[in-house]
Amino acid sequence: MKILIVDDFSTMRRIIKNLLRDLGFTNTQEADDGTTALPMLQTGNFDFLVSDWNMPGMTGIDLLRAVRADAKLAGLPVLMVTAESKREQIIEAAQAGVNGYVVKPFTAGTLEEKISKIFERVEG
Amino acid sequence: MQEQTETDQTRLEMARALVAHLEVGENKDADRVIGELAEIKENELFTEVGRLTRELHEAINGFLLDSRVSEMTQVDIPDAKERLNYVITMTEQSADRTLTAVEQSLPMVNELEKQADALLAEWDKFRSRLLTKDDFRGLSDELAAFLQQTQRHSSSLHENLSTVLMAQDFQDLTGQIIRKVIDLVHDVEEKLVKLVRITGGKLEVSNKISDPAVLEGPVVPGIEQGDVVTNQDDVDDLLSSLGF
């Protein structure tokens, strides 16, 4: 299971990386915005994408749309982990095809629950 | 008032002349009257704009002469930016130090846990008299190695936990810095209110319509940020109402 973590703050990337490692996902890579993430996704054979929303360059929602528009990546499960909590934004993300939405600040338990739910659905 | 009536009188006369010209088909004359009418209107406008510009200019000059304002723009606000940048740096450093300590500690804890599990299984066998003499000798060596390992890891863990403890010192310092910046914001607020007053504006708060394209960032208690969810349960409810 290869996972890409996209967030402009290195601290948040490290936290997510450590939580994922605790959950048994050790094969992770990091990117600091959508512009860096997209080429990595296109060539890196990733199985899962965890992305922030508000980032300089390319935002998480644009990255999500780019992923869904790319024939090779369209089926990639995407979990949004973000501080953005407006209802219209959550709806926007859902309409853009997000698989899960976690608002910051979050707990290790929430992250684990959302990830396992996504994989249940993807595999089931 | 006198002037107003005069203008009105002139306009009325011109309007009558215009109708008269139009009725007899003197189109050229009619156009001239229309032009003159427009000129009266323009002159009024120019005079008014001129007056407003002068008033605004004087008011702003008076405002700028307030030495506190220039001090704020030249010293305090640039200082505040520096201070806030320093807050970002300090909190980032603190998070980094903490994360590094945790990342170093977790594998040690995992290792100790794994070794303890294995040793416990062997120890149970020994207590049930299932170990041969050679097996026991092996176990004894492993136990000794484990205890040494525990000693080493404990001292490293102690050091890392102290690092985590000390990394929290940012809270006090950033708190003091941020409080200073809040004072400055308050000061600037007062000056802006004054500026709005001298320019004759009314302090009416227009209903802030939240722009969906603007990212609000973290929810802050007590700040109106539009229709926001307050926790993960709200997010889950919203998504499940959308069929997730």
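Our structure's up above, just so we're on the same page.
Owing to the predicted nature of the structure, the values given are computational and were not obtained by experimental measurement.

Cut-offs and rules
Residues numbered from 1 in each chain as written. Chains lettered and ligands numbered in written order. Predicted model: local features only at pLDDT ≥ 70, side-chain atom pairs only at ≥ 80, totals over all residues. Helix = DSSP H or I, 4+ residues; strand = E, 2+ residues; numbered from the N terminus. Rg over C-alpha atoms; globule rule 2.2 N^0.38 Å. Buried ≥ 20, exposed ≤ 12 C-beta atoms within 10 Å, placed from the backbone. Contact = placed C-beta atoms within 7 Å. Nonpolar A, V, L, I, M, F, W, Y, C, P; charged D, E, K, R; others polar. Pairing = 2+ DSSP bridges. Axes fitted to C-alpha atoms, helices over the stretch in contact; angles between N-to-C directions. Expected span 1.5 Å × (residues − 1).

Participant: Give a description of the overall build of chain A that names residues and reports values.
Facilitator: Along chain A, the regular secondary structure elements total five helices and five strands. Starting at the N terminus and ending at the C terminus, chain A contains elements arranged as β-α-β-α-β-α-β-α-β-α. Computed over its C-alpha atoms, the radius of gyration of chain A comes to 13 Å, within 12% of the 14 Å expected for a compact globule of 124 residues. Over its C-alpha atoms, taken along the principal directions, chain A stretches across nearly 35 × 35 × 30 Å. By the burial criterion, 40% of the 124 residues in chain A qualify as buried. Long-range pairs, those at least 24 residues apart, make up 59% of the contacts in chain A with a sequence separation of at least 6.

Participant: Which residues make up unusual backbone geometry, and what are the values?
Facilitator: Residue Pro105(A) is bonded to the preceding Lys104(A) through a cis peptide linkage, with omega at -5°. Tracing the sequence through the fold places Pro105(A) in the loop between strand E5 (100-103) and helix H5 (108-123). With a phi angle near 55°, Asn45(A) is a residue other than glycine that sits in the positive phi range. With respect to the element layout, Asn45(A) can be found in the loop between helix H2 (34-44) and strand E3 (48-51). Positive phi, close to 55°, is recorded for Arg129(B), a residue that is not glycine.

Participant: Can you break down the interface of chain B and chain A residue by residue, with the values?
Facilitator: Each side of the interface is counted separately: chain B has 22 residues, and chain A has 20 residues. If you tally residues by element for the side of chain B that touches chain A, the top one is helix H3 (residues 67-127) of chain B, at six residues. Class assignment of the residues belonging to the side of chain B that touches chain A gives a composition of 14 nonpolar, three polar and five charged.

Participant: How would you summarise the sheet that holds E3(A) if you had to cite specific residues and measurements?
Facilitator: Residue and element names in this part refer to chain A. Taken together, the five strands give an open sheet; going across it, the order is E2-E1-E3-E4-E5, and neighbouring strands pair in parallel fashion. The sheet is open, and its two borders are formed by strand E2 (28-31) and E5, each paired with just one other strand. The mean inter-strand angle of the sheet, taken between neighbouring strand axes irrespective of direction, is 20°. Relative to strand E4 (residues 78-82), E3 is paired through three bridges, and the arrangement is parallel. Across the sheet, residue Ser51 finds its bridge partner in E4, namely Met80. In the packing of H2 onto the sheet, the strands contacted are strand E1 (3-6), E2 and E3, and the crossing angle to E1 comes to about 170°.

Participant: Before we move on, could you go through helix H4 (residues 133-166) of chain B and cite the residues and values that matter?
Facilitator: Here H4(B) is 34 residues long and its end C-alpha atoms lie 49 Å apart, about the 50 Å a rise of 1.5 Å per residue gives. In terms of burial, H4(B) is largely open, as just one of its 34 residues are buried.

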